[in-house]
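# Understanding the architecture of this molecule
Each chain is listed here by its residues.
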Amino acid sequence: MIIFVTHHLDTFALPYYLEKNNYIMEMNMSDSQIIPADLVLPNRIYILPLQGKLIFPGIITPMVIQVKEDINVVNASLAGDQIVGFLLIKSEDMETPESDDLYRVGTVARIVKKLNLPDGGLNIFITTIKRFKVKKFISKQIPITAAVEYIDEKVNNSIEIKALTRALIMEMKLISENNPLFSEEMRLNMVNIDHPGKIADFIASILNIDRKQQQKILETFDVRKRMESALVFIKKEQELLRIQKKIQKQINEKISKSQREYFLKEELKAIKSELGMPVDAKSQEYNRLKGKIESLNFNGEIKEQVESELEKFSLMDPNSSEFIVTRNYLETIVSLPWNDPGVVDIDMEKAQSILNADHYGLEDVKERILEYIAVQVLKKDSKGSILCLVGPPGVGKTSVGKSIARALGKKFFRFSVGGMRDEAEIKGHRRTYVGAMPGKILQGLKIVKTINPVFMIDEIDKLGVSYQGDPSSALLEVLDPEQNIAFRDHYLDLPFDVSHILFITTANTLDTIPSPLLDRMEVIRLSGYINEEKVSIAKKYLIPKSTKKTGLKKTDVNYDRKALIAIAEKYAREAGLRNYEKAVDKIHRKIAKKAVMKEITFPVKISEDDLITYLKKPIFDESEQKQIVKPGMALGLAWTPLGGATLIIEAVAVTGKEGFKLTGQMGDVMQESANIAHTYVRLIAKQFHVDRDYFENHRIHLHIPAGATPKDGPSAGITMASCLLSLITCKKIRNRLAMTGELSLVGRVLPIGGLKEKTIAAKRNKVKEIIIPYENLKDLDEIPENVKKGITFHPVQTMDEVIEKLF
């Protein structure tokens, strides 16, 4: 079996065509022998299988024979007529083919010269003569012999053949000009071939054509069709060369650009080296970080850790992922405010005037901040504090944080922890994670760039808990004055002093704040506003803010005081001011629309009667004020996360089997309180001349509207007892009398919480008298005088004292 490789043009011997003179020249080392070309070819020949690409007629080429069986075939041929036939193996991977594995059309050749090789192989020179077709295989195994017939080509020298010949030569000339593997001898040989069929064969032998396609060309006996096929392959080769040239051009451009950049960078390095500057970006970054770290004057553990990271950074490859992680870590370190800010001079009077200018009321908060400032002035340090502002929505908890920062002359940073479930938001992610970053505390310090800012942590009562951790537990270290001097963020993993920060947290209720966390904070309650306070705040803050927001001037709208009070009573009865602000914004938007449409002229006067025009019908009216209209009703006071509230407790008695039913979404504590009230009233019923069998013959139903609102707590004990007493005695309780207090089983009145919020709610609902536990007398001092004005408080110790005030 012969492997004839035609991958490269220079592996071919130069085709030598001498058919013009009807002679074939046999070349050897010493002399030349002329043999007549009309020598008759034998009808039976030896077959050599070709494993690589086939050989076309009209070519002189060397071949190396290594396989023993093929060497025997060559020797047998040389011993006879020196003629051998070449047939292509159908499968390129077959090692020992038989006759059925060979194509039936091949090329017959004469062995011109044989050279013995040192390894036992042969190097032969052959000249291919013409095509042949196998008629029959005589020997089907190696050595294969076959009976053949030879294909004589007849050429019609028509104008089409001449045109195809010229086209082939011209197209090949274009290929040879763009392909350096074509030698000048090949170009000349191709031009000198005068047989059209030989030109097609020559082209098929030198182009990079698939072996099956070459066999197809060999089997094409029609010269014209063979030339057309060769022309198609030339066109494919030209397209391949075009794409190859395009790719080569792109690569050369990239290489040229890269080389240019490389030389320019080398020159820049040399210039920087001469000037004593860093020679690359990494060195520049290293020197910058090193300079900043040295300026921070670290000591102990921090110095050791930072220097270790800096040294590791200097040895890293800039293309590695670890390089980016270390650089970000060092960037975080140098961007934090490590140095002690020293004593900050604060003008107490100026701070007080800022607090008063920014917020109406909130005296407790203002007083506490002024105390904090006074301590700082006396101690001459900048240690922070931890405050917790608790109150209903819309009373100014969040806005007061900015005002405090302005009064102290400090930077302000706020973030909300409402719904936060991941402790890493507080203490950061460990650096082993991709995309790790410090927690909110260090992020805030990076932003404000000072170690003693005011930090506001909003909605601390709405922290969540999940499998990712408990953020409230992470806040324990942050908000503990004994621990936060060496706070360790997971990302930084170095002790950082956050004790200089003034932490202000906000919450609507303390019930959901974990006790250990609540223990670390100083709680300041912000109660809701009464109508007079809302009017004052609206005049001073809300109306100017709203007119600016809606494009109006302060002088464009004038409000009647009755109109401002009506907004509070009929449209915004909540403890805070958000609905009040929305109502004012709505009025100003409608005025702005009318002004643009030229329906009104400035200034616009807003009276109480105009409110229906701008705000539609009132949300609340006088009929909705809590009124006692019949026996079995009592007015109670309640505390909610949204502020204080008044509620009417109702009771009815239905003739029938004895029973006591409770409705109104009461919690367990409130149900227990209702049962105590029921038992106590049954106990004292005889004193009020109630029939002894009244309770046995009546089913009593006690209800607390609104039914969809959950309620709990013991503070409605005396109210429920008063309601039941009014029911069984058929006496109506006085109007505008409210009460709050826990009732014990023996009739004692116990203290309650949230008296300030409850009093404000009573004031909003025009209550004139309030019955309170005697032990809550001390809480009256916390209630502003303007809230207490017009209300009579009745402190009581027993239920008997309550009953004296009811009817």
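Before reading further, recall that the structure is shown in the block above.
Attention here is on the structure that accompanies the text.

### Remarks on the overall build of the protein chain
Of the regular secondary structure elements, the protein chain holds 25 helices and 26 strands. Every one of the 807 residues in the protein chain was classed for burial, and the buried ones make up 47%. Restricting to contacts in the protein chain with at least 6 residues of sequence separation, those with at least 24 account for 74%.

### So, helix α19 (residues 578-596)
Here α19 is 19 residues long and its end C-alpha atoms lie 27 Å apart, about the 27 Å a rise of 1.5 Å per residue gives. Turning to α19, its buried residues are Tyr 580, Glu 581, Ala 583, Val 584, Asp 585, Ile 587, His 588, Ile 591 and Ala 592. Next to the buried residues of α19 lie α17 (531-549), β16 (557-559), α18 (561-570), β17 (604-606) and α20 (611-615). Looking one or two places after α19, you find Lys 598, whose phi comes out positive at around 60°.

### Some thoughts on the pattern of salt bridges
The tally for this structure, following the rule as stated, stands at 25 salt bridges. The partner of Arg 224 in a salt bridge is Glu 228, with the nearest N and O atoms 3.4 Å apart. You can see Arg 224 and its partner Glu 228 sitting in helix α6 (residues 223-275), 4 residues apart, about one turn around the helix. The class for Arg 224 is partly exposed, based on a relative accessible area of 38%. One salt bridge connects Lys 766 with Glu 569, and the closest N-O pair in it is separated by 3.9 Å. Here Lys 766 is found in the loop between α23 (755-764) and β25 (769-773), whereas its partner Glu 569 is found in helix α18, with 197 residues between them in sequence. Classification of Lys 766 by relative accessible area gives partly exposed; the value is 30%. Several salt bridges share partner residues, and in doing so they unite Arg 131, Asp 201 and Arg 226 into one network.

### Quick look at the sheet that holds strand β11 (residues 454-458)
One open sheet holds the 5 strands; their spatial order is β10-β11-β14-β9-β15, and the pairing between them is parallel. The sheet is open, and its two edges are formed by β10 (412-416) and β15 (522-525), each paired on a single side. Neighbour-to-neighbour, the strand axes of this sheet turn through a mean angle of 20°, independent of strand direction. Where β10 meets β11, 5 bridges bridge the pair, whose relative direction is parallel. The partner of Phe 413 across the bridge, within β11, is Phe 455. The strands touched by helix α12 (residues 397-408) are β9 (386-390), β10, β11 and β14 (502-507); relative to β11, the strand with the most contacts, the crossing angle is about 175°.

### Things to note about the environment of Leu 518
Mapping Leu 518 onto the fold places it in helix α16 (residues 515-519). Excluding residues within four positions of it along the chain, Leu 518 makes contact with Leu 510, Ile 513 and Val 523.

Thresholds, definitions, all that
Residues numbered from 1 in each chain as written. Predicted model: local features only at pLDDT ≥ 70, side-chain atom pairs only at ≥ 80, totals over all residues. Heavy atoms only, no water. Helix = DSSP H or I, 4+ residues; strand = E, 2+ residues; numbered from the N terminus. Buried < 20%, exposed > 50% of the residue type's maximum accessible area, 1.4 Å probe, protein only. Contact = heavy atoms within 4.5 Å. Expected span 1.5 Å × (residues − 1). Salt bridge = Lys/Arg side-chain N within 4 Å of Asp/Glu carboxyl O. Pairing = 2+ DSSP bridges. Axes fitted to C-alpha atoms, helices over the stretch in contact; angles between N-to-C directions.

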